[in-house]
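A closer look at the structure
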Amino acid sequence: RAHAPTGGADVGAAPECLDREQRAAWDYITSRCPQGVLLRSDEVAVEIAARLFAEMRAGRITPAGLRQLDTLLGKLGMNPLDRQHGKGVSPCRTVQ
């Protein structure tokens, strides 16, 4: 995409404020997201997704939470339809 941000640090490890299940969800999401998409600026979105993903895995997610998770995962490029249409997915290039 023409106006996609470039460069920046990768999203990195899960924040300490997440519990064990949420950290596992963070690792799961970040390991399956298309390479080069997540940056440090995406940390809040990934944290929200990890919290919701952990709730889903535990069987405690609400319908509203499931919709929010689906939306966030699409924005992170983890939905085939969103990847096909380029929504929210723009591999980041490191500025030299």
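Structure: see above.
Quick caveat, the model's predicted, so the values are computed rather than measured.

Here we come to the packing of aromatic side chains. In total, this model carries one aromatic pair according to the counting rule given. Relative to phenylalanine 53, the ring of tyrosine 28 has its centre 5.2 Å away and its plane inclined at 25 degrees; by these criteria the two rings are stacked. Of the two residues, tyrosine 28 is situated in helix 1 (residues 20-32) and phenylalanine 53 in helix 2 (residues 43-57); the sequence distance between them amounts to 25 residues. Given a relative accessible area of 29%, tyrosine 28 falls into the partly exposed group. Residue classification places phenylalanine 53 among the buried positions, given a relative accessible area of 7%. For the cation-ring pair, arginine 57 lies above tyrosine 28, with the distance from its terminal atom to the ring centre recorded as 5.0 Å.

Remark: helix 1 packs on helix 2, axes separated minimally by 8 Å, with the N-to-C direction vectors making an angle of 115 degrees. Every pair of crossing elements has a handedness; the one defined by helix 1 and helix 2 is right-handed. The residues of helix 2 that touch helix 1, namely those facing Glu21, Gln22, Ala25, Trp26, Tyr28, Ile29 and Thr30, are Glu43, Val46, Glu47, Ala49, Ala50, Arg51, Phe53, Ala54 and Arg57. By residue class, the composition of the contact of helix 1 with helix 2 is nine nonpolar, two polar and five charged.

Compared with the 18 Å implied by 1.5 Å per residue over 13 residues, the 19 Å span of helix 1 between its first and last C-alpha is a close match. Those residues of helix 1 not exposed but buried are Gln22, Ala25, Trp26 and Ile29. Looking straight down helix 1, one finds that the buried residues subtend no more than 105 degrees of arc, so they occupy a single side.

With that settled, consider the pattern of salt bridges. Taken as a whole and judged by the stated rule, the model has five salt bridges. Measuring nitrogen to oxygen at the nearest pair gives 2.9 Å for the salt bridge that ties arginine 51 to glutamate 47. Residue arginine 51 and its partner glutamate 47 are both found in helix 2; the two are separated by four residues, about one turn of the helix. On the basis of relative accessible area, glutamate 47 is assigned to the buried category, the value being 18%. The partner of arginine 60 in a salt bridge is glutamate 55, with the nearest N and O atoms 3.2 Å apart. You can call glutamate 55 partly exposed: its relative accessible area is 26%.

Quick notes on the rules
Residues numbered from 1 in each chain as written. Predicted model: local features only at pLDDT ≥ 70, side-chain atom pairs only at ≥ 80, totals over all residues. Heavy atoms only, no water. Phe/Tyr/Trp six-rings, centres within 6.5 Å; stacked < 30°, edge-to-face > 60°. Helix = DSSP H or I, 4+ residues; strand = E, 2+ residues; numbered from the N terminus. Buried < 20%, exposed > 50% of the residue type's maximum accessible area, 1.4 Å probe, protein only. Lys NZ or Arg CZ within 6 Å of the ring centre and 35° of its normal. Axes fitted to C-alpha atoms, helices over the stretch in contact; angles between N-to-C directions. Left-handed = near helix turned anticlockwise from the far one by under 90°. Contact = heavy atoms within 4.5 Å. Nonpolar A, V, L, I, M, F, W, Y, C, P; charged D, E, K, R; others polar. Expected span 1.5 Å × (residues − 1). Arc of directions from axis to C-beta. Salt bridge = Lys/Arg side-chain N within 4 Å of Asp/Glu carboxyl O.

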